[in-house]
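Each chain, written out:
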Amino acid sequence: MNNINLFNPFQTITGFNQIQELENFIVSETCIVTMNDIWNLYKSRFPKNIDVYFVNTLEEKDLEKEISKFKNYKMVIGFGGGQALDIAKYFSWKCNLKLFQFPTSISVDAVFGHRSGIRRGGNVNYIGWAIPECVFIDYEIIQSAPKVYNYSGIGDVLCFYTGVLDWQFAHSKNKCEKKWTYDENLSNKSLTFVEDLLINAKNIKDLNQQGIDTIINAHQWGGNSFFSSGWNPRHIEGIEHFFFYNLELRTNKKFIHGQPVCLGFILGCLLHNKYEERFQNFFQEIQFDFRPEAMNISWEIVEDTLSTLQQFILSSKLWYGIGSEEINKALILDKLKSSVSKIY
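Structural notes, computed from the coordinates. (Residues numbered from 1 in each chain as written. Predicted model: local features only at pLDDT ≥ 70, side-chain atom pairs only at ≥ 80, totals over all residues. Heavy atoms only, no water.)

### A look at a nonpolar patch on the surface
On the surface, W93, W129 and I131 cluster together to form a nonpolar patch covering roughly 300 Å² of accessible area. Among the structural elements, W93 can be located in helix α3 (residues 82-95). (Patch = residues over 30% accessible without salt bridge, like charges linked within 9 Å, V, L, I, M, F, W, Y side chains within 5 Å. Areas by Shrake-Rupley, 256 points an atom, 1.4 Å probe, with all protein chains shown as cover. Salt bridge = Lys/Arg side-chain N within 4 Å of Asp/Glu carboxyl O. Helix = DSSP H or I, 4+ residues; strand = E, 2+ residues; numbered from the N terminus.)

### What about unusual backbone geometry?
Even without glycine at this site, N96 takes up a positive phi of about 55°. The class for N96 is exposed, based on a relative accessible area of 71%. (Buried < 20%, exposed > 50% of the residue type's maximum accessible area, 1.4 Å probe, protein only.)

### Overview of the nonpolar core
I154, L158, I266, F282 and F283 are the most contacted members of the largest nonpolar core, which has 79 residues in total. Setting aside residues no more than four positions away along its own chain, F282 makes contact with I154, L158, L197, L198, A201 and I204. C31, F70, C95 and I118 belong to the second-largest nonpolar core, a separate cluster that totals 20 residues. (Core = buried A, V, L, I, M, F, W, Y, C linked by side-chain atoms within 4.5 Å. Contact = heavy atoms within 4.5 Å.)

### Some details on the packing of helix α11 (residues 258-271) against helix α15 (residues 329-343)
For any two helices packed against each other, the geometry comes down to the angle between their axes and how far apart the axes lie. Axis separation between α11 and α15 bottoms out at 10 Å; the angle between their running directions is 125°. Of the possible angle classes, the one that applies to α11 and α15 is oblique. Seen along the crossing, α11 lies across α15 with a hand that is right-handed. Of the residues in α15, those touching α11 at L263, I266, L267, L270 and L271 are I332, K335, L336, S339, V340 and I343. (Axes fitted to C-alpha atoms, helices over the stretch in contact; angles between N-to-C directions. Parallel < 35°, antiparallel > 145°, perpendicular 65-115°, else oblique. Left-handed = near helix turned anticlockwise from the far one by under 90°.)

### Focus: α3
For α3, spanning 14 residues, the distance from its first C-alpha to its last is 20 Å, which sits close to the expected 20 Å at 1.5 Å a residue. A large share of α3 lies buried, amounting to 11 of its 14 residues. For α3, every residue scored as buried is listed here: G82, A84, L85, D86, I87, A88, K89, Y90, F91, S92 and C95. N96 lies just past α3 and shows a positive phi near 55°. (Expected span 1.5 Å × (residues − 1).)

In structure tokens form, the structure reads like this:
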């Protein structure tokens, strides 16, 4: 693992009453990028008459039509979940705007990455370059979010485990990309955040400051180590996200990020024969529901996603892993159903 750049995350401030601090530095030419439901909850805390942009699409072709709306701004503030934060990054990049990020939950690690997860024809693409002046973590606001969104954040930590398994699998097959040769130190570092997550199950369940910090620390690593290792996703993402991307594409539905990712995590562990009792215990402690019915989909849709997963991975030219090979779909689906049922 190369330590030249020290893998430093974005400047982050944690505390309480963080919205009130905005009045001390925002300029009049500022726009808040958020969602309708989030804004209705917190608009009374913001300066009056501030401009607001409500996210309604992640499709690049649609976003390009919106760029002109931001040409006269000097500052943009992302306020909300992953979609609001990603789109704030997108407009900051396109219009060269000063960026501040303000997550209202810890559902994803988007706030700690430079790139925006936009869609091209429904497919996820990470593009752009935006560095926030600061990321604000307000414990009161995070704790006020529906628990399902905060528990969702475990998905973008557990994925380190299956990402590393996929990387090791590719290494054993001599199929690692030349630019991403297997790095044991980088892998082991990622796995320490998974261990920390499991140890802090009770704190995460309670969403106390230690539990929130546990997820944030891991999300910081996921974001900063991606670019610091040469845009290498191998130690932080694998089949669990590929499953999610394919599910989203096939259903044209928007999901709470951690739900399909956690289901994909169990799938990846089962395919690697690495689904351990400690993971089941962790899920039982947290009680984050990622059963298909909790996502308003059926097991038939999960089966369809599995049946087309290899084709999706290969056609999308995603990095090589266990999902790149043919799998016994009927057998793994039965194991997946059984593993999920034991949690609940």
